[in-house]
Amino acid sequence: MRKIIIATIKSWNITNALKFKDKNHNKYDVQLVTKKEELTLDFVKKFNPEYIFFPHWSWIIPEEIYQNYNCIVFHMTDLPFGRGGSPLQNLISGKTYNTKISAIKVEKQIDAGKIYLKEDFNVKSGSAEEIFIDASNVTFLKMIPSIIENPPVFTQQVGEPVYFK
């Protein structure tokens, strides 16, 4: 059975992670991490996952984890545009409504990893919470299954990085 860790802190992602785990219990052994202190090298080593997914994670991922395991973070911009914090707020304030959710390899530099996959996404309508829920649905219903079942080829980010504050 394929092993997967999902590390997230937001309620909508936790709900979707639990649904994903339940729906796929015959295919994947899924461990959910919801606290920074739970994500330790010892825990990861013992579980030995094929992938560690980070939808909406607020902490730096330890180097000894991302260098030894296939760690993928999800970011709500068409990278390299919009590296850095608060992408939703920055997109809306900049009137950039059509964007992407980028699935990228975790590297030392924030949001600079190689691209696994991108999905179109629109942030124009709904409350911030509704937009985050929509992004979570795209992540859990489309992107994570696609990455697991059809491992994408890495591609470098193309273009000059634009950083959000």
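Residues numbered from 1 in each chain as written. Predicted model: local features only at pLDDT ≥ 70, side-chain atom pairs only at ≥ 80, totals over all residues. Heavy atoms only, no water.

Strand order in the open sheet formed by six strands is 2-1-3-4-6-7, with mixed pairing between adjacent strands. Edge strands, defined here as strands with exactly one partner in the open sheet, are strand 2 (28-33) and strand 7 (115-122). Here the average twist between neighbouring strands, direction ignored, is 20°. Both strand 3 (residues 51-55) and strand 4 (residues 71-75) contribute to a ladder of four bridges, which runs parallel. Considered in strand 4, the bridge of F53 is made with I72. Here helix 1 (residues 11-23) sits on the sheet in contact with strand 1 (2-7), strand 2 and strand 3, set at roughly 160° to strand 2. Packed onto the sheet, helix 5 (residues 128-149) meets strand 1, strand 2, strand 3, strand 4, strand 6 (98-105) and strand 7 and runs at close to 150° relative to strand 7. (Pairing = 2+ DSSP bridges. Helix = DSSP H or I, 4+ residues; strand = E, 2+ residues; numbered from the N terminus. Axes fitted to C-alpha atoms, helices over the stretch in contact; angles between N-to-C directions. Contact = heavy atoms within 4.5 Å.)

Okay, the nonpolar core next. Across soluble globular proteins, nonpolar side chains have a tendency to be buried as a group. Core analysis: the biggest nonpolar cluster contains 30 residues, and F53, F74 and M76 have the highest contact counts within it. Among the elements that make up this core, the one with the highest residue count is helix 5 (nine residues). Excluding residues that lie within four positions of it along the chain, M76 makes contacts with P87, L88, L91, T99, K100, I101, F121, V123, I131, F132 and A135. In terms of nonpolar packing, the next biggest core, distinct from the first, is built from 19 residues, I5, A7, V33 and Y66 among them. (Core = buried A, V, L, I, M, F, W, Y, C linked by side-chain atoms within 4.5 Å. Buried < 20%, exposed > 50% of the residue type's maximum accessible area, 1.4 Å probe, protein only.)

Here we come to the packing of aromatic side chains. One pass over the full model with this rule turns up nine aromatic pairs. Aromatic side chains W57 and W59 sit 5.0 Å apart centroid to centroid with 75° between the ring planes, which places their arrangement in the edge-to-face category. The exposure class assigned to W57 is buried, which follows from its relative accessible area of 13%. Chaining the aromatic ring pairs together yields one cluster made of Y51, F53 and F74. The residue whose ring lies beneath K3 is F47, and the NZ or CZ to ring-centre distance is 5.3 Å. (Phe/Tyr/Trp six-rings, centres within 6.5 Å; stacked < 30°, edge-to-face > 60°. Lys NZ or Arg CZ within 6 Å of the ring centre and 35° of its normal.)

Counted according to the given criterion, the structure contains six salt bridges. Measuring nitrogen to oxygen at the nearest pair gives 2.7 Å for the salt bridge that ties R2 to E50. Within this pair, whereas R2 is found in strand 1, its partner E50 is found in the loop between helix 2 (41-47) and strand 3, the two being separated by 48 residues in sequence. Among the residues examined, R2 registers a relative accessible area of 26% and is labelled partly exposed. K142 is the salt-bridge partner of E119, the closest N and O atoms lying 3.2 Å from each other. Of the two residues, E119 sits in strand 7 while K142 sits in helix 5, which places them 23 residues apart along the sequence. Overlapping salt bridges, with partners in common, bring together R2, K27, E50 and E149 in one network. (Salt bridge = Lys/Arg side-chain N within 4 Å of Asp/Glu carboxyl O.)

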